[in-house]
There are 2 protein chains.
Amino acid sequence: MRKMSFRVVKGGGVTSPKGFLASGVRCGIKRARRTDFAMIASETTAVACGVFTTNQIKAAPVRVSMGHIRQQKARAIVANSGNANACTGVAGIADAKETAALAARVLGCPPSQLLVCSTGRIGRRLPMDKVRAGILRGFHALSRKGGARAAGAIMTSDTMRKEIAVSFSVGGRRVTIGACAKGAGMIDPNMATMLCFVTTDAVIDGRTLNRCLREAVDDSFNRITVDGDMSTNDTVLMLANGHAGNPALRGYHPQLPRFQQALDFVLKELAQKIVSDGEGVTRVVEVAVVGAASMLDARRAADAVANSALVKTAWAGGDPNWGRLMAALGYSGARVREELVDICFDGVSAVRGGQIGRCPEARLKASVRKPRFKVMINLHLGEGEYTVYTTDLTVSYVRFNMGE
Amino acid sequence: MRKMSFRVVKGGGVTSPKGFLASGVRCGIKRARRTDFAMIASETTAVACGVFTTNQIKAAPVRVSMGHIRQQKARAIVANSGNANACTGVAGIADAKETAALAARVLGCPPSQLLVCSTGRIGRRLPMDKVRAGILRGFHALSRKGGARAAGAIMTSDTMRKEIAVSFSVGGRRVTIGACAKGAGMIDPNMATMLCFVTTDAVIDGRTLNRCLREAVDDSFNRITVDGDMSTNDTVLMLANGHAGNPALRGYHPQLPRFQQALDFVLKELAQKIVSDGEGVTRVVEVAVVGAASMLDARRAADAVANSALVKTAWAGGDPNWGRLMAALGYSGARVREELVDICFDGVSAVRGGQIGRCPEARLKASVRKPRFKVMINLHLGEGEYTVYTTDLTVSYVRFNMGE
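Basis of the calculations
Residues numbered from 1 in each chain as written. Chains lettered and ligands numbered in written order. Predicted model: local features only at pLDDT ≥ 70, side-chain atom pairs only at ≥ 80, totals over all residues. Helix = DSSP H or I, 4+ residues; strand = E, 2+ residues; numbered from the N terminus. Rg over C-alpha atoms; globule rule 2.2 N^0.38 Å. Buried ≥ 20, exposed ≤ 12 C-beta atoms within 10 Å, placed from the backbone. Contact = placed C-beta atoms within 7 Å. Expected span 1.5 Å × (residues − 1). Pairing = 2+ DSSP bridges. Axes fitted to C-alpha atoms, helices over the stretch in contact; angles between N-to-C directions. pLDDT = per-residue confidence, 0-100. Domains from an automatic or database assignment. Parallel < 35°, antiparallel > 145°, perpendicular 65-115°, else oblique. Left-handed = near helix turned anticlockwise from the far one by under 90°. Nonpolar A, V, L, I, M, F, W, Y, C, P; charged D, E, K, R; others polar.

Across its full length, chain A holds 11 helices and 15 strands. What you see for chain A is a C-alpha radius of gyration of 22 Å, in line with the 22 Å of a compact globule of 404 residues. For chain A, the spread of C-alpha atoms along the three principal axes comes to 70 × 50 × 35 Å. Of all 404 residues assigned to chain A, the portion counted as buried reaches 61%. At a minimum sequence separation of 6, the contacts of chain A that also span at least 24 residues come to 80%.

Spelled out as structure tokens, the structure:
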């Protein structure tokens, strides 16, 4: 781990970077009295890029935003919660386009510079009268202090706002990166809709920004998302408006690693917040596989353990149950030699050479009863390493998801 | 579906075919006062074959039985519950071999004609003093009426015995197939230990028997087992002792389809019993995918739906939640065109052309609230079809698996 070359902005979010405004308002899509419409706008046209769900069934706003972002320019993001606008056919596409066009009109930019997102229940048409009202209300509420309100308006089953900002110096100018996210539904992270909006005032070109964002997503959100599979609406968007006035970050600029490190930190923090705020989660578990024959094998092994319902329910009961981990490793598809496998829970040896370790069961149980612990699996077959974050599977998770 | 050309033997099991004896006794491996040691023996050496877990981490008895079955001859099966003898290293292998050798000595056959199985907790050595006592007790208890007791002694979290027998005529001689099985732990069927022992008095050669058994397993246990992945102990064994005296079934004998059909029926019935006896299961769901681009795609789509924790918890709450099904189809890896997808619950249309169907929500909910229902998914892309059986995911499942 390199030394941190940035500082965290206290109470920071998407409006911490210069030249960004945001708002979060209530337009009535959700029945509950909660805000459900967010707008994040740059004062000037920004360089933009995005990472979208790999699910073949993509929500209408995902399709529309994927088209708009091709030109790598955007002025604003509008997002509603309460309705996913997914599985809504051509009418849904028209609704997403109308949302972009209306927001573009009030902001005075081309519709293609608007990025749209939705999250919530699948299969229902967006109530466009409410969305139209939301756009006007959101526009009027835009402010340099609106970051937290935007972060609040995209929440669904989240229990807390997820935002962060960091700043650092590039060529004597202060550069800031801010972000907010929403998640939840963590038993099968691939199906929880995840939205993340990142803003920065850095001067950076679209190609470099795109490369940096993809790298940061791979090390954060993709670590809580199994097999690259995602929900119908998952979206990460990033806008860079250049207001910091730093020397342009491009190609292999010497300050680029600093920017990357800060961005990695921002997305990792948000990813962890999403995991720990999962529905009914009582434990967050880091599953680290080392010594795999390849990185792909390490990932297969980590994913199999992190996704096993039997492993996760055992953890909910505070039971290490390493036998279930061994079984998951065996069917993961990764190369495994039983007699070489070592497993530790927070440094306490559970399995050594494929058999029960010498550690007293009580110490193992103590590790697994902590709200956060780390499982280290060494396959002793090569250099492949991979880490994922998962949770336990509790009765309250099932209760939550049994409802509508 | 061809007409059934066999009849079900009332109260039948592994001792229904001629020349088979069985017993189920208590040797004290389980703490509870329940039987935990089963023996199934043929009066004469039988033709034998088996299908074993594809998990790379294989329990010691699996390794030993895989070696023994290569010669396609066996006299008996011994199986204990309460301890899986998995992840027990070379000592575990020695224990499994000693079990086979001791049982062979009392039965008077070579140790290689003994097949051994274990099911229960992983990672603990077999208590060999108890196993030794079990072998003697099991041998003395062997009887032509012991099938049900053997079926009882292999149960772990199963709530009921699983056995069946069918008989039919081959060349004027009555041929019988009997079987028993154990399962449970159904959220992730690939991790529930499944054992199945099949006996028959048919005259059939090892090669033909092997082909028939594999075909029957593919259409039954592999339909409740995802991606061919299995637990460390899963085993299906079949013994044919030839006591029926029928004209030998071999190659493309005209009566072979009748034998296959009966065997398919036996294993399908047991597979269904395993699913419906899953821990905390309140609903059994048939997930049928048709119109996929290939059979492999149909299987991917069916497996993704059948394994989605979000889909299964929705069903536990009696909520069809077709949006979660659509999302699962989208990340399944199967080719999907959203606008072509149709989904029906017990014939009631939920999704038509990728969008919400016209059926009233109340009728859909009524389907999903039944203890058994069928989800039919048509991808309208080709001829690929595949069906799997799954269950809902309930609070009691989690409760059960949180314990040790």
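Turning our attention to helix 2 (residues 89-107) of chain B. Residue and element names in this part refer to chain B. Across its 19 residues, helix 2 extends 28 Å between first and last C-alpha, which sits within 8% of the 27 Å expected from 1.5 Å per residue. All of the buried residues along helix 2 are Gly92, Asp95, Ala96, Thr99, Ala100, Leu102, Ala103 and Ala104. Tucked inside the fold, the buried residues of helix 2 contact helix 1 (60-68), strand 4 (73-83), strand 5 (114-121) and helix 3 (128-141). Positive backbone phi, at 75°, marks Gly108, one or two positions downstream of helix 2.

This part is about the pairing of strand 7 (residues 173-182) of chain B. Residue and element names in this part refer to chain B. Among the 10 residues of strand 7, 8 are classified as buried, and the element is accordingly described as predominantly covered. Taken together, the 9 bridges between strand 6 (residues 162-170) and strand 7 define a ladder with antiparallel strand orientation. Residue Phe168 lies in a different strand from strand 7, and its bridge partner there is Val175. Here strand 6 folds back onto strand 7 in antiparallel fashion, the turn holding 2 residues, of which Gly171 has a positive phi close to 55°. Relative to strand 8 (residues 195-200), strand 7 runs antiparallel, the two sharing 6 bridges. Of the residues in strand 8, the one forming a bridge with Gly178 is Thr199.

Before going further, it helps to spend a moment on the sheet that holds strand 11 (residues 342-345) of chain A. Residues and elements named next belong to chain A. Strand order in the open sheet formed by 6 strands is 13-12-11-14-10-15, with mixed pairing between adjacent strands. Each edge of the open sheet carries a strand with a single partner, namely strand 13 (355-356) and strand 15 (384-391). Of the strands in this sheet, strand 11, strand 12 (348-352) and strand 14 (372-378) touch helix 9 (residues 322-331), which is tilted by about 50° from strand 12.

On to the sheet that holds strand 11 (residues 342-345) of chain B. All names here are of chain B. Read across the sheet, 6 strands follow the order 13-12-11-14-10-15 without closing on themselves; strand pairing throughout is mixed. In the strand order of this sheet, the two ends are held by strand 13 (355-356) and strand 15 (384-391), each with one partner. By the bridge criterion, 7 bridges tie strand 10 (residues 284-292) to strand 15 in an arrangement that is antiparallel. Residue pairing across strands places Val287 opposite Val388, the latter belonging to strand 15.

Let's shift gears to the confidence of the model for chain A. For chain A, the mean per-residue pLDDT works out to 91, and 94% of the residues sit at or above 70. Confidence over residues 186-191 of chain A falls short of pLDDT 50; this stretch has 27 contacts with residues more than four positions distant or in other chains.

Bringing the domain arrangement of chain A into the picture now. As far as domains go, chain A holds domain 1 (7-276) and domain 2 (284-402). Inter-centroid distance (C-alpha atoms) of domain 1 of chain A to domain 2 of chain A is 33 Å.

For the rest of this paragraph, the subject is the packing of helix 5 (residues 206-218) of chain A against helix 6 (residues 256-276) of chain A. Residue and element names in this part refer to chain A. Their axes nearest at 9 Å, the elements helix 5 and helix 6 cross at an angle of 40°. The angle between helix 5 and helix 6 falls in the class oblique. Helix-helix and strand crossings are classified by hand; for helix 5 and helix 6 the assignment is right-handed. Every residue of helix 6 that contacts helix 5 at Cys212, Glu215, Ala216 and Val217 is listed here: Phe259, Gln260, Leu263, Asp264 and Leu267. The residue inventory of the contact of helix 5 with helix 6, partitioned by class, reads 6 nonpolar, 1 polar and 2 charged.

All names here are of chain B. Along strand 3 (residues 37-52), 12 of the 16 residues are buried, which leaves the element largely enclosed by surrounding structure. Summarising the sheet, strand 3 and strand 4 pair through 7 bridges and their orientation is antiparallel. Bridging across to strand 4, Ala38 finds its partner in Ala79. Taken together, the 6 bridges between strand 3 and strand 9 (residues 235-240) define a ladder with antiparallel strand orientation. Each bridged residue has a counterpart across the sheet, and for Cys49 the counterpart in strand 9 is Met238.

Residues and elements named next belong to chain B. For Gly12, the location among the structural elements is in the loop between strand 1 (7-8) and strand 2 (20-25). Residue Gly12 is classed as buried on the basis of its C-beta count, with 21 C-beta atoms lying within 10 Å. For the pair formed by Gly12 and Ala148, sequence separation is 136 residues and the distance between their alpha carbons is 8.3 Å.

So, about the environment of Val51 of chain A. All names here are of chain A. If you trace the backbone, Val51 turns up in strand 3 (residues 37-52). On the neighbour-count criterion, Val51 (21 C-beta atoms within 10 Å) is buried. Taking the C-alpha atoms as reference, Val51 lies 8.9 Å from Met238; in sequence the two are 187 residues apart. Once residues lying within four places of it in the same chain are set aside, the contact partners of Val51 are Leu213, Arg214, Val217 and Val236.

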